Amino acid sequence: MLPPREVAALSVLGKAVKPTTVDQSFVLCPHCQQHRAQVWGDGRGGRMCRCPDCGPVAVEANDGAALILDEDWLRQKMRLALGIESRDGIDDLGDGVWRLGDARCSPVLLARDLTRVLQEPALLDRVRVAGGGIRVITPRPRETRGSPFGTGVEWLVLEERFTFYGGGIALIGTPSPPPEPAVADPAAPVNGSFSADFRWVTLPDGDGTPIQFTDGQAKVLGALWSFKGEATTADRIMQRAGLGSAKPSDLFKIKAKDKGKLEPTAQHAAYGVLVVTQQRAGLYAMPCAAVALA
């Protein structure tokens, strides 16, 4: 139920609102519009309320009229404001969250409450697409400061980024491309000084520049790592690596055509630092694996 100033705004809201049914046992006082008062029958077929300031006040039929937001209208107009293709349908994700479609290949979620999305991160995973960000639209809660989401999710505050315009909804400002999800550094140390796939190593005593290995070299280093620093024969290492060479060092030799080149030289030097060889016994070990896994 609306006070006069809000009733005056109905011509602007247009189809954004629609009539609804509410509890008719209380109404906003028709005289002062300040208090909700209980409705009573006047004994003559009419109704009245008793306002704490105005006393008994007659209640007309339209005094109990009420309006609600037409959420279907809102969702459709939001799609138009964001340039979402009409062929994309609206998916109801449940409990006040909808996927409006894709804007510039980025999924758009509309939610009644920001907390609902924050408490169920799986909602974002359900709509996430490879290599794209996500836009989340919600009203601004009272307590939130800054951006509640991490990289790859853009929060659009409903009251601040959208407005009524020409019987519809318009986006305020030019939409910026949603931030790209963070891409993990492939050279980042994960297994000790090695990357997750052993294709890179950052030597502790080096200059901090990661050294990249070939696929075969990475398989050898990964196999050596798996023995946790124990000295192991060449055939066991190469079998675990799935390679046909006789010994690990074969893959790190500098070929004649590569002499003087930085990358093969760095790979050969790194192998010498990382792997301890007992030539007479034919054993190889990677001591740093024992330290990292201890």
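What you are looking at is a predicted structure, and each value in this text was computed from that prediction instead of being measured. (Residues numbered from 1 in each chain as written. Predicted model: local features only at pLDDT ≥ 70, side-chain atom pairs only at ≥ 80, totals over all residues. Heavy atoms only, no water.)

Asks: In this structure, what is going on with the packing of aromatic side chains? I would like to understand it.
Replies: Each aromatic ring pair is described using two quantities: the centre-to-centre distance and the angle formed by the ring planes. Enumeration over the complete set of coordinates arrives at five aromatic pairs. Ring centres of F194 and F198 lie 5.2 Å apart, and the angle between their planes is 50 degrees; on these two criteria the pair is classed as tilted. With centroids separated by 4.5 Å and ring planes inclined at 25 degrees, the aromatic side chains of F252 and Y271 adopt a geometry described as stacked. Of this pair, F252 sits in the loop between α8 (234-241) and α9 (262-274) while Y271 sits in helix α9, placing them 19 residues apart in sequence. Both residues of the pair, F252 and Y271, belong to the buried class. Through successive ring pairs, a cluster of aromatic residues spans F194, F198 and W225. Over the ring of W98 we find R75, and its NZ or CZ is 4.2 Å from the ring centre. (Phe/Tyr/Trp six-rings, centres within 6.5 Å; stacked < 30°, edge-to-face > 60°. Helix = DSSP H or I, 4+ residues; strand = E, 2+ residues; numbered from the N terminus. Buried < 20%, exposed > 50% of the residue type's maximum accessible area, 1.4 Å probe, protein only. Lys NZ or Arg CZ within 6 Å of the ring centre and 35° of its normal.)

Asks: Can you walk me through the packing of helix α7 (residues 215-226) against α8 in this structure?
Replies: Between two packed helices, what matters for the description is the angle formed by their axes and the separation of those axes. Between α7 and α8, the shortest axis-to-axis distance is 8 Å and the interhelical angle comes to 115 degrees. Between α7 and α8 the crossing geometry is right-handed. Of the residues in α8, those in contact with K219, V220, A223, L224 and S226 of α7 are I237, M238, R240 and A241. Here the contact of α7 with α8 is composed, by residue class, of six nonpolar, one polar and two charged. (Axes fitted to C-alpha atoms, helices over the stretch in contact; angles between N-to-C directions. Left-handed = near helix turned anticlockwise from the far one by under 90°. Contact = heavy atoms within 4.5 Å. Nonpolar A, V, L, I, M, F, W, Y, C, P; charged D, E, K, R; others polar.)

The values are spatial; any link to function lies outside them.
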